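# Coordinate inspection notes
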Amino acid sequence: MTDPRPPEEERRSRDRAELATAAFLLVAALAGVAAIVVYIVTDDTQALGISLGLAFLAVAGAMIVAGLRLYPAQKVVEERPPAADPPAEAAVEQEVGEAVGGLSRRKLLFGAAGAAGAAIGGALIVPLGSLGPFELGGPDPDDLPWKDGVRLVDDQGALIPADLLQQGAFIPAFPEGADKRELASPVMVLRLPEGDDQLDPEQAAIAPRGILAFSRICTHAGCAIALYRNPLFPPQAPSPALVCPCHYSTFDVRQGGKVIFGPAGRDLPQLPLKIDDQGILTAAGPLSGKPGPSYLTVRKT
Amino acid sequence: MIFPRVGRFLDDRTGSASLATRAFRYVFPDHWTFLFGEIALYCFLILVGTGVYLTLFFEPSTAQTIYHGSYAPLQGQEVSEAYQSAVNISLDVKAGLLIRQTHHWAALVFVAAIVVHMLRIFFTGAFRRPRDLNWMVGLSLALTALIEGFAGYSLPDDLLSGMGLAIGYSVLASFPIIGGWLAVLVWGGEFPGGEEFISRLYAAHIFILPLLIFGLIGFHLFLVVKHRHTQFAGPGRQERNVIGSPLFPGYMIRSGGLFFATAGVLLLMGGLIQINPIWQYGVYQPWLGTNGAQPDYYFGWLIGALRMMPNWELVIGGWTIIPNPFFGGILYPMIVFSVLFAWPVLERRFSGDRAPHHLVQRPRDAPFRTGIGTAMLLQVTMVQIAGSADRIYVSFGVSYELQIWFWRIAAVVVPIAGFFIARAICRRLLRSEAHPLRRWTGERVERTKAGDFEAAGKGPGPPPP
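I will try to describe carefully the structure that is included in this document. Since the structure is predicted, the reported quantities are computational estimates derived from the model, not experimental observations. (Residues numbered from 1 in each chain as written. Chains lettered and ligands numbered in written order. Predicted model: local features only at pLDDT ≥ 70, side-chain atom pairs only at ≥ 80, totals over all residues. Heavy atoms only, no water.)

### Concerning the sheet that holds strand E2 (residues 152-153) of chain A
Residues and elements named next belong to chain A.
- Within the open sheet, the five strands sit side by side as E2-E3-E4-E5-E10. Their pairing is antiparallel. The sheet terminates laterally at E2 and strand E10 (270-271), the two strands that pair on one side only.
- In terms of strand pairing, E2 meets strand E3 (residues 170-175) through two bridges, oriented antiparallel. Residue pairing in the sheet places Leu152 in a bridge with Pro175 of E3. (Pairing = 2+ DSSP bridges. Helix = DSSP H or I, 4+ residues; strand = E, 2+ residues; numbered from the N terminus.)

### Some thoughts on the pattern of salt bridges
- Inspection of the entire model under this criterion finds 14 salt bridges over all chains.
- A salt bridge links Arg228 of chain B to Glu78 of chain A; its shortest N-O distance comes to 3.3 Å. With Arg228 of chain B in the loop between helix H9 (197-227) and strand E4 (231-232) and Glu78 of chain A in strand E1 (residues 76-79), this residue pair bridges two chains.
- Since its relative accessible area comes to 15%, Arg228 of chain B is described here as buried.
- Assessed through its relative accessible area of 17%, Glu78 of chain A is described here as buried.
- Between Asp163 of chain A and Arg209 of chain A there is a salt bridge, and its shortest N-O distance comes to 2.7 Å. A residue pair is termed long-range when its members are at least 10 positions apart, and Asp163 of chain A in the loop between E2 and E3 and Arg209 of chain A in the loop between helix H5 (201-205) and strand E5 (211-215) qualify at 46 residues.
- The class for Asp163 of chain A is exposed, based on a relative accessible area of 59%.
- Here the residues in one salt-bridge network are Glu8, Arg11 and Arg12 of chain A, joined through shared partners. (Salt bridge = Lys/Arg side-chain N within 4 Å of Asp/Glu carboxyl O. Buried < 20%, exposed > 50% of the residue type's maximum accessible area, 1.4 Å probe, protein only.)

### Notes on the nonpolar core
- Core analysis: the biggest nonpolar cluster contains 131 residues, and Ile225 and Leu242 of chain A together with Phe110, Trp135, Phe191 and Trp407 of chain B have the highest contact counts within it.
- Top contributing element to this core by residue count: helix H5 (residues 96-123) of chain B, with 14 residues.
- In contact with Phe110 of chain B, not counting residues within four places along its chain, are Ala40, Cys43, Phe44, Leu47, Ala145 and Ile213 of chain B.
- Within the second largest apolar cluster, 17 residues are counted, among which are Leu152, Ile160, Val187 and Ile211 of chain A. (Core = buried A, V, L, I, M, F, W, Y, C linked by side-chain atoms within 4.5 Å. Contact = heavy atoms within 4.5 Å.)

Rendered as structure tokens:
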């Protein structure tokens, strides 16, 4: 660590470094004052961020100059002490051995202590069960909001006349009077562009005028299926489908919500529809499967 | 002078002087790659500072209320108190947006710094005995930081956080056999869960997880100090010693400069670069979703894995034993982290090297390890990019379906190719001793019959026999 420069020049260099450090610190002080003023007179996020950020950066500048020029990196050699200390290990071993060795019913005591530990540990964990209900099968099927005769309402709570749905329409809907936030509630209603021409008879029976309804909650990861792939100009293949924006599971609306792409393991539950005598869209039965993401009993009725 | 008096006061009560002299003499080897861990540490400090400020205003409640803040498009809408308070912090609390955005940016840089620090430790073999335990502490920190980040951006109850929570619920519910019960337990009912869920999330984000991170950092640093820092081989540097700057005064000042620089940059980002504008996203309801929703980047690899997975579910006799999200959301990260946790043990098996090491290696010095590390990094990167396949479709028009197949293949082929390429580069560099970016800078000499040395031309010579 010999500096070839004469002491006079080195002294001047240190002097300059001290001045630069002080200058940075003064800039930091100014920027800090600026931040206080900005806070008092405006609520401008950008100005506050710039002044506070600059204050910190100026302090950083001061410390970097000082760290490089006033207290430059040194080369100090330190012996690396080993973490392990064999005599201490032996001493601990011996003391523990003596403490344990003095017991004549070692197995009994250790077994009893283990039992006490396990039981108390278990007793302390069990209260975590209060966190939630012990429901493995999802909500009771009898409590599900969709049944034969339940009318559909839109997100404002208004009934949906079938005449309102133009061909190509796509709207969210809910069971009348039910909790909208329940996963089983939201469905989307759509009307196929060609009516029910291309549906097989079984499908057409639950899709009056080509109006279909499906659960709005993806069977993969519970996101809302907010996308409807329905090209309005040729080429109009592939067929109209509902798409989840989270992982792009794609469900064919003409085939009863069958998965045609993406990670969803179950078809999208369909809500059978009918039009009542006042022309209002009404459920003709429950959803065709359990809505929402999969769990152990999701395929059980 | 006041310092000696304060010092004597403290020393008399706490014995601080002998602690200080030992701390002052602690030696830090200087190498730029050693700074990433410090950046992560400083980000954590900034996160605690900004986070405490945010708790003074945030209301962790899903109770519905009518919005009456200054953001006109939300006026009169029914929103949760959590969402309203988060929007108010952003738009109505003076300095609130700066602190909120700085908090978010600090979280993003925190995870990035941890990952780069991990890469440094891995590729230089700094995880070897006796630091294998500390490698596992560090991995636990990384894992906790990921969960902490998710809990944080899920709190404001905006559309984006709600969509993330729906996926979180479904992933937990996909745990084989007991998942459905676990998810209902954590959420206090079927998704979107009971009133109490957001309080639990809040307790986890501001207390349980930060406490865990704090404790892990403490243990992490304790072990670092216990073994002293690693160092690269060099003049005088041996296994038995550590050569560098003592903490006081030089290193303390330079590292302090790094803290202020980190804080300054994060504050500038918080003030100038918008992040997570929840007032634009709007409220979350289970029936609402939007295209182009992306999680914070450090979850990109998980959304990628969920998206790439074929739609398999294990169903036996009508029982859905393994729902689909398990594969991408739980099994995949479990495999990645298991390999990382086990790596020190695995490497001891492969190499037979069980000795303690304090000198770290250059990546080329361990071609097999560097190849494996490169392969793992590329594998996760491919899956991460697949997580943005929808954005790639929007920007470049490459069919999403085609891309999923492309990334599925790339996630297998690219890592394998990466392994062989990285290993070959390492071996070549090892032979030539060239710097990977600069040219070879040595001088070749040959020993003459008389015993003298003379210059023997430019460039590296033939490999030693």
